[in-house]
Amino acid sequence: MYFRGVNLWSVLVAAVSTMVIGFLWYSPLLFARPWMVLMGYDPDDKSKLDEMRKGAGKNYAIAFIVSLISALVLGKLIELRPRSPLHGTWIAFAVWLGFVSTVQLTDALFSKKPFRLYAINTGYQLVCYLVMGTILAAWAS
């Protein structure tokens with residue numbers, strides 16, 4: 001199943017991979033506590049945590065749709081000249097470096113967010129893009 005030369009199954013798998021990475025990245029196993037503190041949340045305030053969880057379903061749904069769009073666009077860039085999964089990884093890195101990290105850094109600077117918060121968030125995006133690029137290129141080549 002293809003859309004404009006891009007395998008839609010690879011787009012779906014790539015988008016799902018970002019959700020799995022996100023659940024792990026922002027879990028207590030990795031960065032949940034420092035992320036919450038840097039965002040101004042008290043990780044020990046159970047009522048605030050419950051309040052945050054109430055709107056999480058809608059946010060996850062929107063995040064998944066956005067991941068599908070990112071994967072489709074990245075897949076189209078990779079489809080233009082697929083060579084190997086490593087080639088897809090490099091294209092994904094270039095997209096992250098040139099667009100994602102720069103936009104996030106500008107936001108962090110003007111929002112006066114701590115650099116560590118930027119590093120956690122853009123690190124997550126880097127891992128997601130590298131995994132998506134690899135998946136998409138593996139199915140395109």
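Residues numbered from 1 in each chain as written. Predicted model: local features only at pLDDT ≥ 70, side-chain atom pairs only at ≥ 80, totals over all residues. Heavy atoms only, no water.

A. Representation of the confidence of the model for the protein in the model. Overall, the prediction assigns the protein a mean pLDDT of 93, with 99% of residues at 70 or greater. Confidence scores differ between elements of the protein, with helix α3 (residues 46-54) showing the lowest mean pLDDT of 86 and helix α1 (residues 8-25) the highest of 97. (pLDDT = per-residue confidence, 0-100. Helix = DSSP H or I, 4+ residues; strand = E, 2+ residues; numbered from the N terminus.)

B. The layout of surface pockets, seen in detail. As a volume, the largest pocket reaches approximately 1,300 Å³. What lines the largest pocket is a set of 35 residues, and nearest its centre among them are G22, Y26, W35, Y60 and Y124. When residues of the lining of the largest pocket are traced back to their parent elements, those giving at least two are α1, α2 (32-38), α3, α4 (56-79), α5 (85-110) and α6 (115-140). Looking at side-chain class alone, the lining of the largest pocket contains 23 nonpolar, nine polar and three charged residues. (1 Å grid on protein atoms, 1.4 Å probe; cavity = no way out; pocket = protein on both sides within 12 Å on 5 of 7 lines; lining within 4 Å. Points joined across faces, edges and corners; volume = space filled by probe spheres on them. Nonpolar A, V, L, I, M, F, W, Y, C, P; charged D, E, K, R; others polar.)

C. Focus on a nonpolar patch on the surface. A contiguous nonpolar surface patch, about 670 Å² in accessible area, is contributed by M1, W9, L12, V13, V16, V20 and W139. Sort the elements by how many residues they give to the nonpolar patch and α1 lands first, with five residues. (Patch = residues over 30% accessible without salt bridge, like charges linked within 9 Å, V, L, I, M, F, W, Y side chains within 5 Å. Areas by Shrake-Rupley, 256 points an atom, 1.4 Å probe, with all protein chains shown as cover. Salt bridge = Lys/Arg side-chain N within 4 Å of Asp/Glu carboxyl O.)

D. Seen up close, α1. Its 18 residues give α1 an end-to-end C-alpha distance of 25 Å, which sits within 8% of 26 Å, the value for a rise of 1.5 Å per residue. Of the residues making up α1, those classed as buried are S10, V11, A14, A15, S17, T18, M19, I21, G22 and W25. For α1, the elements touching its buried residues are β2 (6-7), α2, α4 and α6. The N-cap of α1, judged by a side-chain oxygen 2.8 Å from the amide nitrogen of W9 a few residues on, is N7. (Expected span 1.5 Å × (residues − 1). Buried < 20%, exposed > 50% of the residue type's maximum accessible area, 1.4 Å probe, protein only. Contact = heavy atoms within 4.5 Å. Polar contact = N/O pair within 3.5 Å; in protein donor to acceptor, adjacent residues only side chain to side chain.)

E. Focus on the pattern of salt bridges. By the definition in use, this model includes four salt bridges. One salt bridge in this structure joins D44 and R33, with 3.1 Å as the shortest N-O distance. Pair noted here: D44 is in the loop between α2 and α3 and R33 is in helix α2, with a separation of eleven residues, a long-range link. The partner of R53 in a salt bridge is D50, with the nearest N and O atoms 3.2 Å apart. Of this pair, R53 and D50 are both found in helix α3, three residues apart, which corresponds to roughly one turn of the helix. Take D50: its relative accessible area is 42%, and that puts it in the partly exposed class.

F. Looking closely at the packing of α5 against α6. Packing of α5 against α6 leaves a shortest axis separation of 8 Å and a crossing angle of 155°. Relative to α6, α5 is oriented roughly antiparallel. Handedness of the α5/α6 crossing: right-handed. Contact with α5, carried on its side by P85, G88, T89, A92, F93, V95, W96, V100, S101, Q104, L105 and A108, involves Y118, N121, T122, Q125, L126, Y129, L130, G133, T134, A137 and A138 of α6 and no other residues of that element. (Axes fitted to C-alpha atoms, helices over the stretch in contact; angles between N-to-C directions. Parallel < 35°, antiparallel > 145°, perpendicular 65-115°, else oblique. Left-handed = near helix turned anticlockwise from the far one by under 90°.)

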